[in-house]
Number of protein chains: 2
Amino acid sequence: MSLQQRATLDDVARLAGVSRKTVSRVYSEPEKVAGTTRDQVLAAARRLRFRPNTLARTLRRGGTSSTVGLLIGDMSNPFYHSVAAGIERELSSAGLTLVLGSSDDSEEGEERVADALLSQRVAALMMIPAAADQSYLDGERQLGTPVIAVDRPAKNLLADAVLLQNRSGARQATEALLAQGHRQIAYLASPADIYTQRERLAGYRGAMTEAGLGRTGPLEHLSDDADEDAVARAALGSAEPPTAVLAGNNRMSVAVLRAARELQVSPALIGFDDFDTADVLGISVISHDPLEMGRRAAALAVERIARPATVPEVVELPTRLVLRGSERPEGVSL
Amino acid sequence: MSLQQRATLDDVARLAGVSRKTVSRVYSEPEKVAGTTRDQVLAAARRLRFRPNTLARTLRRGGTSSTVGLLIGDMSNPFYHSVAAGIERELSSAGLTLVLGSSDDSEEGEERVADALLSQRVAALMMIPAAADQSYLDGERQLGTPVIAVDRPAKNLLADAVLLQNRSGARQATEALLAQGHRQIAYLASPADIYTQRERLAGYRGAMTEAGLGRTGPLEHLSDDADEDAVARAALGSAEPPTAVLAGNNRMSVAVLRAARELQVSPALIGFDDFDTADVLGISVISHDPLEMGRRAAALAVERIARPATVPEVVELPTRLVLRGSERPEGVSL
DNA sequence: TTGAAAGCGCTACCAA
DNA sequence: TTGGTAGCGCTTTCAA
């Protein structure tokens, strides 16, 4: 039960009968230590249960830890989970570990958590920007901490970004619905006042306008407070319900299905983002790969840590329209 | 573009015309510093873009960082994402940050990543044990690092654990299927050789045996390599297909739906774990709250950091049977 | 190949 | 209320 002290380089050095520096070398550049010396050191280290303290290593002037911070607003969205998983995978293969921070989608939250991560001297900061403005990070950028925005671009801050081709994805889906003969095509989003939704909405509007259906006002069901279910019910339950729905994201797609069941209607449906049972249900989606998105973003972070750059890079990943039947006039059958 | 040096306590002290220690106090115990002095210091800090280095703070003898490590085998499972989200939330409200490590479900992976996290001097290590044995952590435990197992108990290691009532959950679901008149009730799991599945299987067997249906051998479809889809297809496509299926986890539930659609069959179904569209689809599930699980585990970690304990605590969280129709003889309709 | 000394940014201890 | 000194565990010169 005796809580022993944790062993340090010194302890190991003493037991192995070598200098501190030699022990250090065994862990940082083992090839520069004689084989026998190395074995002695490692034996001593094992006996003492020594574990190098990577925090202390970091203390060098201007040093950063081998961690990368990831700031997510809403941890409950499965899409961001996958992004995080992709990031983790890429980082770990680069020998970096992921430190997670959640702002719960609040303005001050984001800055507070960013602060905490930066105080830990993360080697880079990855974030899904949620606050109205990220200029508060400009000082850090100038101090050399790479900032990588994921899914949405950072505002008022020069930062690399990995985004989706939201606009063309939404446009393509709308065109597919138009091709099926639909005219009353609704667009549903909540929250709507975020980058991705503005882009997708623009894509939808573009396709509608081109088809001579520019009057989309009554067909747009956008909200920032109401939950997805409420928005979906309002849209499907309106006096003149749409024959087809474009759902702004994965959660809205599910909400539409739920509302359709409740209200006993069968609108055609295409949803942005793929989701678990979409294939089983035959739901058409604008698919993309969140894991890949995370991977790309993390790769960019790794690159910037090694070679700080002056010009931010913006990557736009493609989407893919996957038609499974729900785009047809007969709509979703539940 | 000049990459300036990062400011330190010393720089701030110099600019503010006070001692280093005074600056330190402004950040650690501000109430012990005179108001005017504090203002001067903070002004200087702002001008220099000073940000305290929490890593250096940690360097005290035996010191740990204000981070908690979480070791997950398979980051792609949505269930663990929710657990992680719950953990993050609880930790952040305790002023701790979460460091994530993934072992990709490999034996050596787990130990390697645990090592990395411990080298960062996490204040506690939370893990979903995946390796066959966690005795390699015993040294750390003796050195005072709390270890909290989540979802599965640690093997050969005294550690706190937060688990589910797997057995009773599975038993209850099986009984519900029996009550509907089912006799050919299959149990499907992949991977099957893990704690949760062994427990759930035991619950299933118990209920079957009590109903005089102890011969469950042919009804058990367990695999460790095959993916869920293959297992589901094999089960539903057998010569004498079951009239009802108990799916071992969320992914298996979806696989069963997929297979049912492909093979044009409609077995009754109850799945362990809830999932996104289960309510829409009318799928009955053994529900529980992964967020809460994470929260409880993190709370335990926080507690142990403050007050190391000698006797491990094991918490078993309840499950809840949610019947939505798919348990009935007519089964799932797709 | 190995070692001694200085220093990284901060805090604990004790003194003023 | 404030400050000096001595570390924390490690790495980086520079020498041996």
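Structure report, in brief. Note that this is a predicted model, so its numbers are computed, not measured. (Residues numbered from 1 in each chain as written. Chains lettered and ligands numbered in written order. Predicted model: local features only at pLDDT ≥ 70, side-chain atom pairs only at ≥ 80, totals over all residues. Heavy atoms only, no water.)

1. Examining the protein's contact with DNA strand C
Inference 1: Taken together, 23 residues surround DNA strand C, and among them T22 and T37 of chain A together with L9, S24 and R57 of chain B come closest.
Inference 2: Within 4 Å of the protein, the atoms of DNA strand C are drawn from sugar and phosphate moieties in a proportion of 66%.
Inference 3: At 3.0 Å from a phosphate oxygen of DNA strand C is found a main-chain nitrogen or oxygen belonging to A34 of chain A.
Inference 4: Between R20 of chain B and DNA strand C, the recorded distance is 2.8 Å, taken from a side-chain N or O atom to a base nitrogen.
Inference 5: For the surface near DNA strand C, the elements supplying multiple residues, two or more each, are α2 (20–28) of chain A together with α2 (20–28) and α4 (54–57) of chain B.
Inference 6: At four residues, the largest contribution of residues to the surface near DNA strand C is made by α2 of chain A.
Inference 7: Broken down by class, the residue content of the surface near DNA strand C amounts to nine nonpolar, six polar and eight charged. (Near = heavy atom within 4 Å. Polar contact = N/O pair within 3.5 Å; in protein donor to acceptor, adjacent residues only side chain to side chain. Helix = DSSP H or I, 4+ residues; strand = E, 2+ residues; numbered from the N terminus. Nonpolar A, V, L, I, M, F, W, Y, C, P; charged D, E, K, R; others polar.)

2. Section: the nonpolar core
Soluble globular proteins: nonpolar side chains tend toward being buried together.
Inference 1: M126 of chain A together with M126 of chain B are the most contacted members of the largest nonpolar core, which totals 142 residues.
Inference 2: Excluding residues that lie within four positions of it along the chain, M126 of chain A makes contacts with V68, G69, L70, L71, I87, I148, V150, A297, A298 and A301 of chain A.
Inference 3: Among the nonpolar cores identified, the runner-up in size contains 36 residues, and L118, L137 and L157 of chain A together with A161 of chain B belong to it. (Core = buried A, V, L, I, M, F, W, Y, C linked by side-chain atoms within 4.5 Å. Buried < 20%, exposed > 50% of the residue type's maximum accessible area, 1.4 Å probe, protein only. Contact = heavy atoms within 4.5 Å.)

3. Points about the protein's contact with DNA strand D
Inference 1: Around DNA strand D sit 23 residues in total, of which L9, K21 and S24 of chain A together with T22 and T37 of chain B are the nearest.
Inference 2: A distance of 2.9 Å is found between a phosphate oxygen of DNA strand D and a backbone nitrogen or oxygen belonging to S19 of chain B.
Inference 3: Secondary structure elements with two or more residues in the surface near DNA strand D: α2 and α4 (54–57) of chain A together with α2 of chain B.
Inference 4: The element best represented in the surface near DNA strand D is α2 of chain B, accounting for four residues.
Inference 5: Split into classes, the residues belonging to the surface near DNA strand D amount to nine nonpolar, six polar and eight charged.

4. Remarks on the relation of the copies chain A and chain B
Inference 1: Superposition record for chain A on chain B: RMSD 0.1 Å, screw rotation 180°, translation along axis 0.0 Å. As the rotation angle and translation indicate, the two copies are arranged about a two-fold axis. Rotation axis and chain A: the residue whose C-alpha lies nearest the axis is V99 of chain A, separated from it by 2.2 Å.
Inference 2: Here 100% of the contact residues of chain A are again contact residues in chain B; the copies associate through an equivalent surface. (Least-squares fit on C-alpha atoms with pLDDT ≥ 70 in both.)

5. A word on the interface of chain A and chain B
Inference 1: The interface is formed by 58 residues belonging to chain A together with 59 residues belonging to chain B.
Inference 2: A combined buried area of about 5700 Å² lies between chain A and chain B, and 54% of that area is made up of carbon and sulfur atoms.
Inference 3: Interface area lost by chain A to chain B is led by R6, R51 and R121 of chain A, which between them contribute 14%.
Inference 4: Here chain A and chain B share eight salt bridges between them.
Inference 5: For the salt bridge of E140 of chain B with R6 of chain A, the shortest nitrogen-to-oxygen distance reads 3.3 Å. (Buried area = accessible area lost by both parts, 1.4 Å probe. Salt bridge = Lys/Arg side-chain N within 4 Å of Asp/Glu carboxyl O.)

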